[in-house]
Amino acid sequence: MKERYLVYPAIFEKDGQGYVVNFPDIPNAFTEGDNLKQALIRASEVLGSILIVDYRDAYPTASDISQIKVQGQQAVYPVEVDLVQAREQTKSLSVKKNTTIPADLARRAEAQGINFSQTLTEALEEKLKVC
């Protein structure tokens, strides 16, 4: 691993119930928080998880934060991740699974910034508790 700390710009969008966060340089990296502090913490956590699992040591180049365009209730903040800590917090080796869901459900979930991998993991964990 070349660097321990990486910083990526994230778009924080205020909605009526908190903040939705996405990373222009990291597709599939979404999260949310009830307030800005919680959204920043969760943004760092999801960024670390995705970089460790999906990118391993070939991390994308971060965009210049001043070049990120925002609109409406959006703001751009730098989000730092400690890759050593993220690696330690990664529970186990993850596997990629392809799933099929209804298109309208996918669009609504994406609009809410829902992390599909996290949601599927939580649903499976809950279902396995019942079994």
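Residues numbered from 1 in each chain as written. Predicted model: local features only at pLDDT ≥ 70, side-chain atom pairs only at ≥ 80, totals over all residues. Heavy atoms only, no water.

Caption draft 1: Quick peek at the pairing of strand E1 (residues 5-15). Direction of pairing for E1 relative to strand E4 (residues 74-82): antiparallel, over a ladder of 9 bridges. When the sheet's bridge partners are listed, Tyr5 is paired in E4 with Asp82. Taking the residues between adjacent antiparallel strands as the criterion, E1 and strand E2 (residues 18-22) are bridged by 2 residues. (Pairing = 2+ DSSP bridges. Helix = DSSP H or I, 4+ residues; strand = E, 2+ residues; numbered from the N terminus.)

Caption draft 2: How the structure looks around the pattern of salt bridges. On inspection of all chains with the given rule, the structure shows 2 salt bridges. Among the salt bridges present, the one from Lys129 reaches Glu126, with a minimum N-O distance of 3.9 Å. Linking Lys129 with Glu126, this pair stays in helix H4 (residues 116-130), spanning 3 residues, or about one helical turn. (Salt bridge = Lys/Arg side-chain N within 4 Å of Asp/Glu carboxyl O.)

Caption draft 3: Up close: the nonpolar core. Ranked by internal contacts, the top residues of the largest apolar core, which has 20 residues, are Tyr8, Phe23, Ile26, Leu47 and Leu51. The set of elements that each furnish at least two residues to this core consists of E1, helix H1 (36-55), E4 and helix H2 (83-89). Per element, the largest residue contribution to this core is 7 residues, and it comes from H1. Leaving out residues up to four positions away in the same chain, Ile26 has contacts with Tyr8, Leu47, Ile50, Leu51, Tyr55 and Pro60. (Core = buried A, V, L, I, M, F, W, Y, C linked by side-chain atoms within 4.5 Å. Buried < 20%, exposed > 50% of the residue type's maximum accessible area, 1.4 Å probe, protein only. Contact = heavy atoms within 4.5 Å.)

Caption draft 4: Layout of the side chain of Thr31. With respect to the helices, strands and loops of the structure, Thr31 is situated in strand E3 (residues 30-33). Since its relative accessible area comes to 8%, Thr31 is described here as buried. In this structure Thr31 touches Tyr19, Val20, Val21, Ala39, Arg42, Ala43, Val46 and Gly113, once residues within four positions along its chain are discounted.

Caption draft 5: Just a nonpolar patch on the surface, in detail. Taken together, the side chains of Ile101, Leu105 and Phe116 make up a nonpolar region of the molecular surface, amounting to roughly 240 Å² of accessible area. Mapped onto the elements of the fold, Leu105 is located in helix H3 (residues 103-111). For Leu105, a relative accessible area of 40% translates into the label partly exposed. (Patch = residues over 30% accessible without salt bridge, like charges linked within 9 Å, V, L, I, M, F, W, Y side chains within 5 Å. Areas by Shrake-Rupley, 256 points an atom, 1.4 Å probe, with all protein chains shown as cover.)

Caption draft 6: Focus on the sheet that holds E1. The strand order E3-E2-E1-E4 describes an open sheet built from 4 strands, whose pairing is antiparallel. Each edge of the open sheet is held by one strand with a lone partner, namely E3 and E4. Geometrically, the sheet is characterised by an average inter-axis angle of 30° between neighbouring strands, direction not taken into account. (Axes fitted to C-alpha atoms, helices over the stretch in contact; angles between N-to-C directions.)

Caption draft 7: Spotlight on the environment of Gln73. Examined against the element boundaries, Gln73 turns out to sit in the loop between H1 and E4. Residue class for Gln73 comes out exposed when judged on its relative accessible area of 54%. The spacing of Gln73 and Ala103 is 30 residues in sequence and 26 Å in space, taken between C-alpha atoms. What Gln73 contacts, discounting residues up to four positions off in sequence, is Phe12, Glu13 and Lys14.

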